[in-house]
Amino acid sequence: MAPLARVRNWLDERFGWDELLAPLRHKTVPIHRYSYWYFLGGITLFLFGVQVCTGILLLLYYRPSANEAFESVQYLMTQVKFGWLVRSVHSWAANLMILTAFLHMFSVVFLRAYRKPRELTWVSGMLLLFLAMGFGFSGYLLPWNTLAFFATKVGTDIAGQVPFVGHRTMIFLRGGEEVTGATLSRFFGFHVAVLPGLTTLLVGVHLLLIQRFGISVPARIEPEWRELPQEKREMRFFPSFLLRELMAWYIALGVLGALAAFSPWGLGTKADPFAPAPAGIKPEWYFLFMFQTLKLIPAKLGLLDGEVVGILTFSLAGLIWLLVPFLDGTKRTQRLVTGAAMFVVAYMGMMTAYGYVAK
Amino acid sequence: MGMLLGGGLFASALSFFYPVLRYLVPPRLTDMGGDTVVAGKVGELRPNSGKIFRFGSRPGLLMLGSDGQYRALSATCTHLSCTVQYRGDLRQVWCACHNGMYDLAGRNLSGPPPRPLEQYDVHVRGDEIIVSRRREA
Ligand code: FES
């Protein structure tokens, strides 16, 4: 017997290996004109893996204190061999991961893949997206540069505007009244311990649910296949789809490497809490549409602060979005959801673009 | 029996979580700065310019107007707490984050800031410029 088969047998005798893998072998992936959207979730997962690996590498040199953080990143980027590349990959992969997660989410909305029985898969995915944004927000501060310092100030202040719980949340996030080294310690803890733990757990749940329910056939394809069953086509997940997915990962890695090498991430200047804010303070692009909206809302809307109204609206919209599968029942609400989703895409796109060009 | 058990479990859960919750909230720092600081030296500022000084743990803005008068404000923007700066070209206080404008008395003129900046008193003692918090009248 070949050595590999021997190992396999050994494992199988003890764990029932073949039985464990059986579901994977039966798993199929529907083939149709929207099939390529299926790759996005996997690419996001791959990028998360990249983040874990590069994040661990960064940890070897990074020092999370207000006096040392900036210098340690600077050292990493200038003295450590390929330090700039590791950091650049980490930053780029973070952004790409958020991008693919957003695309994945919108593809699920437009293909209405969240339909019964997959409501909870959607909810777990949305929670993962929020976690990813939390990763972005907390990671942004870690190099302790001017831009990140003020973006964090503004971001946590926004959290502080929420009625009743806001101030407490802000104190909790900042570790005090102001953004200081204490904030850095906390964000570091969130970024490297709390969020990764939660994310790993939720990714597990998300995958388990997907495994359990199988891959959704888009709402538009389903009736076509019911009418013409001979049209129905599937491919086996293992190995056919997996190999294609691996190809997609390979391409993603290529794109990532090219971006990281040819457009390395800068560091900026060290944050000084007692210097005026420079012009052009912007959060990362995926917060930009909210940021730009808050900028446009007038200071007072009737009796309320414009900020508060904006924040509450965004929170409410987020909550509704989270519950979309439970709202999508009749034909009418379906059309409403699709319309709303189109509006959201258009709004986010326009506001982000506007945020980029606006001063 | 069930109630006893439930109550006991609840009480022990409470005794675990209460300390953790309290632990998460950082202790309040006593602001050592007091109500008065030396914000700068006479002659340090040219007329029609400003600088940031430390007022306890927060930034303050000291300005010398073209009229030769010193003025001081809290430098924390009332919008989303960026640090403001003096704009000599406009003779106004400017917040770069979202283009908020204040006049020299700290009144919010335009942009998103919802409230005026806190005004401080300025005294010149010898060659030191002393800034102090206004006492509530
Ligand atoms: S923080 Fe000053 S204008 Fe927004």
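Here goes a summary of the coordinates provided. Quantities reported herein were computed from a predicted structural model and do not represent experimental measurements. (Residues numbered from 1 in each chain as written. Chains lettered and ligands numbered in written order. Predicted model: local features only at pLDDT ≥ 70, side-chain atom pairs only at ≥ 80, totals over all residues. Heavy atoms only, no water.)

A closer look at the overall build of chain B
Across its full length, chain B holds 1 helix and 10 strands. Listing the helices and strands of chain B from first to last along the sequence gives α-β-β-β-β-β-β-β-β-β-β. Since a compact globule built from 137 residues should have a radius of gyration of about 14 Å, the 23 Å found for chain B marks it as more spread out than a globular shape. If one aligns the C-alpha atoms of chain B with their principal axes, the spans along those axes are about 80 × 35 × 25 Å. When burial is assessed residue by residue, chain B has 38% of its 137 residues classed as buried. If you take every contact in chain B between residues at least 6 apart in sequence, the share linking residues at least 24 apart comes to 39%. Considering chain B, the positive charge centre built from 16 side chains and the negative charge centre built from 11 side chains are found 5 Å apart. (Helix = DSSP H or I, 4+ residues; strand = E, 2+ residues; numbered from the N terminus. Rg over C-alpha atoms; globule rule 2.2 N^0.38 Å. Buried < 20%, exposed > 50% of the residue type's maximum accessible area, 1.4 Å probe, protein only. Contact = heavy atoms within 4.5 Å. Lys, Arg positive; Asp, Glu negative; His and termini not counted. Charge placed at Lys NZ, Arg CZ, Asp CG, Glu CD.)

Here we look at the sheet that holds strand β8 (residues 108-110) of chain B
Residues and elements named next belong to chain B. Strands sit in the order β5-β6-β7-β8 across an open sheet of 4 strands; the sheet is antiparallel. Strand pairing shows two members of the sheet lacking a second neighbour, β5 (85-87) and β8, which therefore form its edges. Between one strand axis and the next, the sheet turns by 40° as a mean value, whatever way the strands run. As paired elements, β5 and strand β6 (residues 92-95) share 3 bridges and run antiparallel to each other. (Pairing = 2+ DSSP bridges. Axes fitted to C-alpha atoms, helices over the stretch in contact; angles between N-to-C directions.)

Remarks on the interface of chain B and chain A
Across the boundary between the two partners, chain B contributes 27 residues, which contact 28 residues of chain A. Carbon and sulfur atoms make up 60% of the surface buried where chain B meets chain A, a total of about 2200 Å² over both sides. Between the two partners, chain B and chain A, sit 5 residue pairs in polar contact (both at pLDDT 80 or more). For the side of chain B that touches chain A, the secondary-structure elements that each account for two or more residues are α1 (2-24), β2 (49-55) and β3 (58-64) of chain B. (Buried area = accessible area lost by both parts, 1.4 Å probe. Polar contact = N/O pair within 3.5 Å; in protein donor to acceptor, adjacent residues only side chain to side chain.)

With respect to the side chain of Q161(A)
Position of Q161(A) relative to the elements: it lies in the loop between α7 (146-160) and α8 (166-174). Residue contacts for Q161(A): discarding those within four places in its chain leaves E307(A), V308(A), I311(A), H79(B) and L80(B).

Quick notes on the state of the cysteines
Residue and element names in this part refer to chain B. Using the criterion set out here, one finds 1 disulfide over all chains in the structure. Residue C82 pairs covalently with C97 via a disulfide, S to S 1.9 Å. Judged by the sign of its S-S torsion, about -80°, the bond between C82 and C97 is left-handed. Here C82, found in the loop between β4 (70-74) and β5, pairs with C97, found in the loop between β6 and β7 (100-102); they are 15 residues apart in sequence, far enough to count as distant. Exposure remark for C82: the relative accessible area of 1% places this residue in the buried category. A relative accessible area of 3% places C97 in the buried class. (Disulfide = S-S within 2.5 Å.)

Quick notes on unusual backbone geometry
Look at the link from K116(A) to P117(A): it is a cis peptide, with omega at 5°. Each neighbour pair has its own omega, and for F238(A) with P239(A) the value is 5°, a cis peptide bond. As for its placement among the helices and strands, P239(A) is situated in helix α11 (residues 237-262). In this structure, W144(A) takes a positive phi of about 55° despite not being glycine. In this structure, N99(B) is a non-glycine residue whose phi angle is positive, near 65°. If you trace the backbone, N99(B) turns up in the loop between β6 and β7.

Digging into α7(A)
All names here are of chain A. For α7, which comprises 15 residues, the first-to-last C-alpha distance of 21 Å matches the rise-based estimate of 21 Å (1.5 Å per residue) to within 8%. Within α7, 11 of the 15 residues are buried, leaving the element largely enclosed by the surrounding structure. Among the residues of α7, T146, A148, F149, F150, A151, T152, K153, V154, T156, D157 and I158 are the ones counted as buried. Summarising the contacts, the buried residues of α7 are in contact with α6 (119-141), α8, α9 (181-213), α12 (285-296) and α13 (306-322). (Expected span 1.5 Å × (residues − 1).)

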